[in-house]
4 protein chains.
Amino acid sequence: MGIRAGVIGYTGYSGAELVSLLAGHPHLSLCLLDHRKAGDAAGNAAPAPVAAGTVRSMEHVPWKAGVVAGQSLDLVFTATPPEISLDIVPEILDQGAKVIDLSGAFRLPSGEQYQRWYHAEHSRPELLPEAVYGLPELHRDAIRKARLVANPGCYPTAAIAALWPLVRQNLVDRKTGIICDAKSGVSGAGKKPSPKTHFVQVADNFSAYAILEHRHVAEILNQAGIDEQELSFTAHLLPIPRGILATLYMRLKEPGMLDQIQQVYRDAYSDSPFIRLYPAGTQPELSKVNHTNFCDIHCSLGPDGRRLVVISCIDNLVKGAAGQAVQNMNLMFGLDETAGLLK
Amino acid sequence: MGIRAGVIGYTGYSGAELVSLLAGHPHLSLCLLDHRKAGDAAGNAAPAPVAAGTVRSMEHVPWKAGVVAGQSLDLVFTATPPEISLDIVPEILDQGAKVIDLSGAFRLPSGEQYQRWYHAEHSRPELLPEAVYGLPELHRDAIRKARLVANPGCYPTAAIAALWPLVRQNLVDRKTGIICDAKSGVSGAGKKPSPKTHFVQVADNFSAYAILEHRHVAEILNQAGIDEQELSFTAHLLPIPRGILATLYMRLKEPGMLDQIQQVYRDAYSDSPFIRLYPAGTQPELSKVNHTNFCDIHCSLGPDGRRLVVISCIDNLVKGAAGQAVQNMNLMFGLDETAGLLK
Amino acid sequence: MGIRAGVIGYTGYSGAELVSLLAGHPHLSLCLLDHRKAGDAAGNAAPAPVAAGTVRSMEHVPWKAGVVAGQSLDLVFTATPPEISLDIVPEILDQGAKVIDLSGAFRLPSGEQYQRWYHAEHSRPELLPEAVYGLPELHRDAIRKARLVANPGCYPTAAIAALWPLVRQNLVDRKTGIICDAKSGVSGAGKKPSPKTHFVQVADNFSAYAILEHRHVAEILNQAGIDEQELSFTAHLLPIPRGILATLYMRLKEPGMLDQIQQVYRDAYSDSPFIRLYPAGTQPELSKVNHTNFCDIHCSLGPDGRRLVVISCIDNLVKGAAGQAVQNMNLMFGLDETAGLLK
Amino acid sequence: MGIRAGVIGYTGYSGAELVSLLAGHPHLSLCLLDHRKAGDAAGNAAPAPVAAGTVRSMEHVPWKAGVVAGQSLDLVFTATPPEISLDIVPEILDQGAKVIDLSGAFRLPSGEQYQRWYHAEHSRPELLPEAVYGLPELHRDAIRKARLVANPGCYPTAAIAALWPLVRQNLVDRKTGIICDAKSGVSGAGKKPSPKTHFVQVADNFSAYAILEHRHVAEILNQAGIDEQELSFTAHLLPIPRGILATLYMRLKEPGMLDQIQQVYRDAYSDSPFIRLYPAGTQPELSKVNHTNFCDIHCSLGPDGRRLVVISCIDNLVKGAAGQAVQNMNLMFGLDETAGLLK
């Protein structure tokens, strides 16, 4: 049992998924840190069924000063709202543990950018330079050495995976505009009940939201290396519990062949076990990625060789949150990148 | 335009369904009464799309003392919680209008029964003797003359329609027990957001609740004429917006033939346009009744001629609430019973 | 009872929706024409529940030579596959009735275009010049006088309604490309069972198909007046029974204000009762249009005043098929355009 | 790598679930046997996404004479229709491997019973005496020594788990009748497309089928030890991909307390790690068991101490099929009963 890890905020959707993944991880002992403000109110306090025979149970520890050192934790996952992460992440680091933060608190490079997109002051901007953006496919080496990893947002994970290989090779005519039309399952909206997540409102329905103004856009711009006026991003709410499918439209600078485009992705991700490419003549779909840590990419090219459609599929709770966090942990502790994430 | 009707509580699911039905009714002018406590908080205040050309709109009137008489209303529908109905129904009656109350406030015959099943005191027990239980298939004549109609609950509508023809003919061996295993869509749980109606909680799920203790049982016992210890009633939550399918199990006193049982129903409902019988060899399903005012009944008999399964299907918001209210209105004002309810 | 109308192909989703709408139409008598190849195999032959009391039923007539004249039909709706429409539409016209064809057989202006997009020869190209494309918002006057109306496809209805007002005013920078990212409910895929429409395949899933190669693109190009290489169209399958939401992205030639864009739509559709505009600050969704004949349009403009997102919502079976067919019938017979289509 | 196992019929829902579970099993090497009639037609031959980095793949071997011995297989799972199992199970046994058959071919004790419930002759009745009914909670020791295990049906697993502890203690008044009202997700209907499993037919719908005549009843009668006229069983189709919730109603011979009933279950299943009991005051639901091998049981008792409602929840593809098969394999090969089945 190499790593001793804690989770704060385990009652939300991402936190619960994380606990479920970590429970099956081969190199880990786990404890749940009970933090009053970490979203526990959203938890379902209903008593669960109890095994007649013997089944393992989880260790719970109340959050209090010094608990991270007291429990000898090597790592803490914070699946908390950004304002709570800003409070507790520094405390954890001070006690000598590493942190993977699943909130947006440490994803942007400066306090100014945080202020602009989150409409709140960043109380710990001095930590931002050392925080590593936890997308292993882009920052594998930096993650290995990181003390603080900012786990990416779900929409950005899908969008950046599709954009980065082409943009860094300067293949895209960015001036004509890049479109990211993204669709997400309802768990992306969080566990707190509201009229917008009522079953009767969502079932048999489909809606668009945050049109041209989602705060996740900031991560995409920073990581994919494009300018704000070059990207049009729209989010939609799918009547399913989980999954993100993002359809990206762009124009190539020079006419190309589908095969060349696919090779760009194969080269970019040759050492990335969780990126998969759809062969030509297939149809991308969420069921292939849900409940897995894969990001599946599908390319189509118009007969003009210029109009390119790239579709990126992830499970928003796994590759878009908890699975990616485990992938980051594996890198930070020298384990196989896929440990606990493949059957 | 014969009838002038008002609706209080038009933002809940039943109330909104009622407004939608009444908007298409041929003999009616309608006004919506804005009552602050009638559930408007649950309403979606988001601005709706506006027609580029001309489309009719609704008349809104604030609720205040004397408004029923002031607006010359012949009838008011109260789609309000029982505690609000207890307050406003007497006020409306005093101003000379008839009332169809969609809550449980006036469905039971005595204040004692109300106290027992609703765990609250009934503030107006003197009105209970004149309130008519608004199930037209049982009380058509009394409804025609009623000033106050208590519109039935959704589960009771389905259960009573299945039980009443057999029980009144004394065909059922009640001592061995009658089972009503009922399944309802989520709109039956109301519009208020809660962890239990969150999309992610309900989707891909199915649960049982109120096992042997649903307060709707009281209506079934009273109307079908059976004793409490003779009925086992369980409710279940279907992951669909609307519809109730109730599966009833009972034992016949004397062995019979399927054909005889079906004839009992045909006789009981020969003048009831909204009761339909499934022929033998068919499969009952909600899609046939949803968005209609029909109650569909299906019978199966075991090879022993004794074990009988009766399945009853309704749309909980139409025959189980708003449509039945319109059917009651039609009777109270001498219109065709189906006016505004059939295409 | 002014119009006497027949329907061929009433067992498919569009045909059944049409019969349901026509059954409630105030100026119509209806008969169903039983045509062996019109899709009846897909029909559910299971016996339906039968009313205990009296409810209206439908008139059925076998299709045979001369039946249209024999039944004195003024109009026949053909909800048939295009290859069957090519056979029977001329026969109907020859017997003196008007036709509204819901297939793709008569939507394109030439046999050459049909050959290219439908990969089959058009057997009656001589009828194409007189066929009117049945989008009332664009061709109201021509429809009034038409003998043969080609009812539009569902995706084209949504896309053209969004594009046409801006393109005809020459406001769009077409060279940078127009994107139409369209999402449809499963009824759009037809009633024939296949692995792609199996419940377990579709539920909890979301997929893209016909990327850059849907045959409905031809209608959009023709009607909106744009060139093939200017449009990128992708279709997606939503896990819901009905509804289309299309998200369109384009760049304005000159920077504008949201208000100006909305005014362009208001002007274009000032006499169109079924087009509705979302006010600013709202969120477009399918539940507002499903089971109605409305087409709802929502506009968003980026801070640069150039990046425009237009979202168009329809019910694919109503405004995208059967409702639009009724709207066309109303125009062809001098009725109010909304007859039978509004509550 | 202790066990070398093969799977025939891996393209159906149960077979695919089995392969997914076995792929994560710690003591196993697996090969897929390609048998032309085993349901491959139902398989989706569409090319799947391919990992950019390295991910394990499966070994495929064509089915042919002698392949079981040739591949040195210790065990073969047959997830095939009963008529195919009757053909190939004897062949496998003859080659020296053990068999877990997921069909109904070997679940009943005699050829006569098979003939009656499956309406077909049993070609290998001589194998029935040695076939062990693979419900570990009832037959753990016999399964450990078995050469041929008949993996139970999904409905019977749920029903027997609920009935057996009470019936064997003679606590139930069987003469008044036992009701099993069962509801299943759509994967229970198999992968073959049909009008009954079309998404548009199932979504927003709920139906009853096989009322008082499901062939799974035979297993329940045999295993729970009750007579045919004592049980009324009805199946219903839930609009969800997976899960069975069965609500059972019965009458106790002597009035009892809820606590006593729960103790009966605790005693019966004290060494059964996959049976869980709901505490009083809870609400049973499918989401707690789906994607797990647990069977959750919930009890409610009426105030008379006689009317008992027992609710049993399983995932039809896991505890109702593939997971139970793995549990049986674990027992047959001396492994921990939970190996590969718990996180």
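Worth saying up front: this structure is predicted, and the values here are computed from it rather than measured.

A.B. asks: Tell me about unusual backbone geometry, and please be specific about residues and values.
C.D. replies: For residues besides glycine, phi is generally negative; the peptide bonds are generally trans as well. Residues and elements named next belong to chain D. Notably, N170 is not glycine yet its phi reads approximately 65°, a positive angle. The backbone phi angle of D204 is positive, close to 60°, even though this residue is not glycine. Locating D204 in the fold gives a position in the loop between helix 7 (199–202) and strand 10 (207–209). You can call D204 partly exposed: its relative accessible area is 24%.

A.B. asks: Just give me the short version of the pairing of strand 9 (residues 178–184) of chain D, but keep the residues and values in it.
C.D. replies: Residues and elements named next belong to chain D. Strand 9 sits mainly inside the fold: 7 of its 7 residues count as buried. Across the two faces of strand 9 the burial is the same, with I178, C180, A182 and S184 and I179, D181 and K183 all buried. In the sheet, strand 9 pairs with strand 12 (residues 244–251) via 6 bridges, with the strands oriented antiparallel. Bridging from a neighbouring strand, I179 pairs with Y249 of strand 12.

A.B. asks: Before we move on, could you go through helix 9 (residues 258–268) of chain D and cite the residues and values that matter?
C.D. replies: An α-helical turn contains 3.6 residues, so a residue and the one three or four places further along point in the same direction. All names here are of chain D. Along helix 9, the residues that are buried comprise I261, Q262, V264, Y265 and A268. Down the axis of helix 9, the buried side of the element spans an arc of 150°, and every buried residue falls inside it. Check the buried side of helix 9 and you find it contacts helix 6 (154–168), strand 13 (275–277), strand 14 (295–301) and strand 15 (307–314).

A.B. asks: Describe the relation of the copies chain C and chain A, naming the residues involved and giving the relevant values.
C.D. replies: Once turned by 180° and shifted 0.0 Å along the axis, chain C lies on chain A with an RMSD of 0.0 Å. The symmetry that links the two subunits is that of a two-fold axis. By C-alpha distance to the rotation axis, the residue of chain C lying nearest is C:T176, at 2.7 Å. The overlap is high: 100% of the interface residues of chain C also sit at the interface in chain A, so the same surface is used on both sides.

A.B. asks: Kindly report on the interface of chain C and chain A, identifying the contributing residues and their values.
C.D. replies: At the interface, 45 residues of chain C touch 45 residues of chain A. In this assembly, chain C packs against chain A so that about 3500 Å² is buried in total across both faces, 57% of it on carbon and sulfur atoms. Among the residues of chain C in contact with chain A, C:F206, C:Y249 and C:R307 are the three that bury the most area, contributing 17% of the side total. For the pair chain C and chain A, the number of links is 2 salt bridges. For C:K183, the salt bridge goes to A:D181, with nearest N and O atoms at 3.0 Å. Listed by contribution, the elements that provide at least two residues to the side of chain C that touches chain A are strand 9 (178–184), strand 10 (207–209), strand 11 (231–237), strand 12 (244–251), strand 14 (295–301) and strand 15 (307–314) of chain C. When grouped by side-chain class, the residues that make up the side of chain C that touches chain A number 19 nonpolar, 16 polar and 10 charged.

A.B. asks: Give a description of the packing of aromatic side chains that names residues and reports values.
C.D. replies: Within this structure, the stated rule accounts for 18 aromatic pairs over all chains. An angle of 5° between the planes, with centres 4.6 Å apart, marks the rings of A:Y114 and A:Y118 as stacked. With A:Y114 and A:Y118 both in helix 4 (residues 111–118) and 4 residues apart, the pair spans about one turn of that helix. Each of the two residues, A:Y114 as well as A:Y118, counts as buried. Seen in terms of ring centroids, D:W164 and D:Y269 are 5.8 Å apart; in terms of plane orientation they differ by 40°. Their pairing is tilted. Taken together, the positions of D:W164 in helix 6 and D:Y269 in the loop between helix 9 and strand 13 put the pair 105 residues apart, joining distant regions of the chain. Neither residue differs from the other here; D:W164 and D:Y269 are each classed as buried. Over the ring of A:F333 we find A:K98; its NZ or CZ atom is 5.0 Å from the centre of that ring. If you follow A:R116 out to its NZ or CZ, it ends over the ring of A:W117, 4.3 Å from the centre.

A.B. asks: Which residues make up the interface of chain C and chain D, and what are the values?
C.D. replies: On the chain D side, the residues contacting the 19 residues of chain C number 19 residues. Taken together, the two surfaces of chain C and chain D that pack against each other cover about 1400 Å², and 76% of this comes from carbon and sulfur. The largest share of the area that chain C buries against chain D comes from C:H198, C:F199 and C:V200, three residues that together contribute 45% of it. Linking chain C with chain D are 6 residue pairs in polar contact (both at pLDDT 80 or more). No other element matches the 3 residues that helix 7 (residues 199–202) of chain C contributes to the side of chain C that touches chain D.

A.B. asks: Explain the relation of the copies chain C and chain D to me, and be specific about the residues and the numbers.
C.D. replies: Think of it as a corkscrew move, a rotation about one axis and a shift along it, taking one chain copy to the other. With an RMSD of 0.0 Å, the operation that places chain C on chain D is a rotation of 180° combined with a shift of 0.0 Å along the axis. An overlap of 100% is found between the interface residues of chain C and their copies at the interface of chain D, pointing to a shared contact surface.

A.B. asks: Give a detailed account of the sheet that holds strand 7 (residues 132–133) of chain A, specifying residues and quantitative values.
C.D. replies: Residues and elements named next belong to chain A. Pairing is parallel across the open sheet formed by 7 strands, whose spatial order is 4-2-1-5-6-8-7. Edge strands, defined here as strands with exactly one partner in the open sheet, are strand 4 (59–62) and strand 7. Where strand 1 (residues 3–8) meets strand 5 (residues 75–78), 4 bridges bridge the pair, whose relative direction is parallel. Following the sheet pairing, A5 is matched in strand 5 by L75. In the packing of helix 10 (residues 318–332) onto the sheet, the strands contacted are strand 1, strand 2 (28–34), strand 5, strand 6 (98–101) and strand 8 (148–150), and the crossing angle to strand 6 comes to about 155°.

Scoring rules and cut-offs
- Residues numbered from 1 in each chain as written.
- Chains lettered and ligands numbered in written order.
- Predicted model: local features only at pLDDT ≥ 70, side-chain atom pairs only at ≥ 80, totals over all residues.
- Heavy atoms only, no water.
- Helix = DSSP H or I, 4+ residues; strand = E, 2+ residues; numbered from the N terminus.
- Buried < 20%, exposed > 50% of the residue type's maximum accessible area, 1.4 Å probe, protein only.
- Pairing = 2+ DSSP bridges.
- Arc of directions from axis to C-beta.
- Contact = heavy atoms within 4.5 Å.
- Least-squares fit on C-alpha atoms with pLDDT ≥ 70 in both.
- Buried area = accessible area lost by both parts, 1.4 Å probe.
- Salt bridge = Lys/Arg side-chain N within 4 Å of Asp/Glu carboxyl O.
- Nonpolar A, V, L, I, M, F, W, Y, C, P; charged D, E, K, R; others polar.
- Phe/Tyr/Trp six-rings, centres within 6.5 Å; stacked < 30°, edge-to-face > 60°.
- Lys NZ or Arg CZ within 6 Å of the ring centre and 35° of its normal.
- Polar contact = N/O pair within 3.5 Å; in protein donor to acceptor, adjacent residues only side chain to side chain.
- Axes fitted to C-alpha atoms, helices over the stretch in contact; angles between N-to-C directions.

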